[in-house]
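What follows is each chain in one-letter form.
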Amino acid sequence: MDAYFLAQLFPHTLFIADPESSEATDKRSGKTVVLIQAIEQIPPLQQLLHDILQSCKLDPRQDAIVLTQDSGETWSWKRIKQEWNPAAVLSFGVIFADIPQADLPLYQPITFDQTPVLHADTLALLHEDKSRKKLLWQALKRIFFRNNQ
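All values derive from a computational prediction rather than experimental measurement.

Participant: I keep staring at helix α5 (residues 130–144) and nothing clicks. Help me out?
Facilitator: In an α-helix, one full turn covers 3.6 residues, which means residues spaced three or four apart are oriented alike. Between its first and last C-alpha atoms α5 spans 20 Å; for 15 residues at 1.5 Å apiece the expected length is 21 Å, and the two agree. Buried residues of α5: L136, A139, L140 and I143, and no others. End-on view of α5: buried residues confined to an arc of 105°, all on one side of the axis. Residues K130 and K134 are exposed on α5 and point more than 90 degrees away from its buried face.

Participant: Explanation requested: the packing of aromatic side chains in the structure shown.
Facilitator: Aromatic rings in a pair are described by how distant their centres are and how their planes are angled relative to each other. Under the defined criterion, the tally for this structure stands at 4 aromatic pairs. Consider the rings of W75 and W84, whose centres lie 5.8 Å apart with planes at 70°: the pair is edge-to-face. You can call W75 buried: its relative accessible area is 5%. Here the aromatic residues W77, F96 and F112 are joined through ring pairs into a cluster of three or more.

Participant: Looking at this model, I keep getting lost on the pairing of strand β4 (residues 64–69). Mind explaining?
Facilitator: Taken residue by residue, a regular strand's side chains alternate between the two faces of the sheet. The pairing of strand β3 (residues 32–37) with β4 spans 6 bridges and is classified as parallel. When the sheet's bridge partners are listed, Q37 is paired in β4 with Q69. Handedness of the β3-helix α2 (residues 43–55)-β4 crossover: right-handed.

Participant: Would you mind going over helix α3 (residues 77–84) with me for this structure?
Facilitator: Here α3 has its buried residues at W77, I80, E83 and W84. Along α3, the residues classed as buried sweep out an arc of 150° about the axis, all on the same side. Residues K78 and Q82 are exposed on α3 and point more than 90 degrees away from its buried face. Where α3 terminates, the next one or two residues include N85, which has phi positive at roughly 40°.

Reading the values: rules and limits
- Sequence order sets the numbering: in each chain, residues are counted from 1 along the sequence as written.
- Only residues with pLDDT of at least 70 get local features here, since the model is predicted, and only at 80 or more are side-chain atom pairs given and counted; chain-wide, interface and lining totals rely on the full set of residues.
- Note that water and hydrogens are dropped before the side-chain values are worked out from all heavy atoms of the structure.
- Counting from the N terminus, the helices are the DSSP runs of H or I reaching at least four residues and the strands are the DSSP runs of E reaching at least two.
- Multiplying one less than the number of residues by 1.5 Å gives the expected span of a helix.
- For every residue, the accessible area (1.4 Å probe, protein chains only) is compared with the maximum for its type, and the residue is labelled buried under 20%, exposed over 50%, or partly exposed between those bounds.
- To be clear, the arc concerns the directions from the helix axis to the C-beta atoms.
- What counts as a ring pair is set by centres within 6.5 Å for rings of Phe, Tyr and Trp (its six-membered ring), and what kind of pair is set by the plane angle: stacked under 30 degrees, edge-to-face over 60, tilted for all other angles.
- Pairing between two strands is assigned when DSSP locates at least 2 bridges connecting them.
- When the strands point away from the viewer, a crossover counts as right-handed if the path from the first strand over the helix to the second runs clockwise.

Next up, the structure:
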C-alpha cells in the first residue's frame, strides 16, 4: 500500500516501532505544521507553499505536515498540539477555533505552549502581492533564523 492511501485510512498520528528498540517513535513530532484552505490545492499555490518551506530550509516532504481546511471545518490549537506536537505552525488564512483571532495578528510570530505560531494571509493573496510576501519573509526569519539575525 502507498503512503497516501494509508494516510486516508488513518488520519491520526501513526507510531512506527523501531525494530532495534521496544519504544515507539512518533514520526510526526517536531515537524512544522502548515494549515491551508482546501481550495488552495492548485499547482501555482502548491508551488508557492513549496518555495516558502524551502526558503525556511525545510524539506516539504520530510519536515512539514500540510493540513487542509474545508469550508465549515475548523482546526483547534489543542488538537494540533496533541496530535502533531509541532516545532512550529504556519497558518495561511486558517483561523483556530480555540484562539481568538485578535491573539494572532497577521505576520507576527506568537508563541503558544512553547511553539512558534504564525498567521498569514491565504496563499492566493500572497501569490499576487509582493508586499505581503515581504511581510511573510520577515516573520519567517524571526521563527526559523533567530540565531542568524
